Amino acid sequence: MAIPTDPRTPKQRVADQLEAAHRQLTKPGLTRRDRARVADRIHQLKQEVSDLRR
């Protein structure tokens, strides 16, 4: 059985993840802990984007 491949480039994958994290951050009712976790993830993704641009 063939393994499905993701046709997106690494930059596109990171951009999609970053967009999803921003959407999650704007959801009402997130605890401070969850907001901090999502904010940390956004920071990591932004770092990945800058690394991919090199």
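Going by the structure above, here's the rest.
Attention in this report is confined to the structure presented alongside it. (Residues numbered from 1 in each chain as written. Predicted model: local features only at pLDDT ≥ 70, side-chain atom pairs only at ≥ 80, totals over all residues. Heavy atoms only, no water.)

1. Quick look at the pattern of salt bridges
Defined as follows: In the sections that follow, a salt bridge refers to a side-chain nitrogen of Lys or Arg positioned within 4 Å of a carboxyl oxygen of Asp or Glu. Per-residue accessibility, obtained with a 1.4 Å probe over protein chains only, is compared with the maximum for each type, and a residue is labelled buried under 20%, exposed over 50%, and partly exposed between these values. Elements are defined by DSSP. Helices are runs of H or I of four residues or more, strands are runs of E of two residues or more, and each kind is numbered from the N terminus.
In total, this model carries 4 salt bridges according to the counting rule given. The partner of Arg13 in a salt bridge is Asp6, and the shortest N-O contact between them spans 4.0 Å. The exposure class of Asp6 is partly exposed, given its relative accessible area of 37%. With a closest N to O distance of 3.1 Å, Glu19 and Arg23 form a salt bridge. One end of the pair is Glu19 and the other is Arg23, both in helix 1 (residues 10-25) and 4 residues apart, which spans about a single turn. Note on Glu19: relative accessible area 48%, which makes it partly exposed. It is possible to trace a salt-bridge network through shared partners that takes in Asp6, Arg8, Arg13 and Asp16.

2. Details of helix 1
Put simply, the rule reads: Helix span is expected to be 1.5 Å times the residue number reduced by one. Note: the arc covers the axis-to-C-beta directions of the helix. We call two residues in contact when some of their heavy atoms are within 4.5 Å.
Under the 1.5 Å per step criterion, the end-to-end length of helix 1 is 23 Å for 16 residues, consistent within 8% with the ideal 22 Å. For helix 1, the set of buried residues is Val14, Leu18 and Ala21. End-on view of helix 1: buried residues confined to an arc of 60°, all on one side of the axis. The elements touched by buried residues of helix 1 are helix 2 (32-52).

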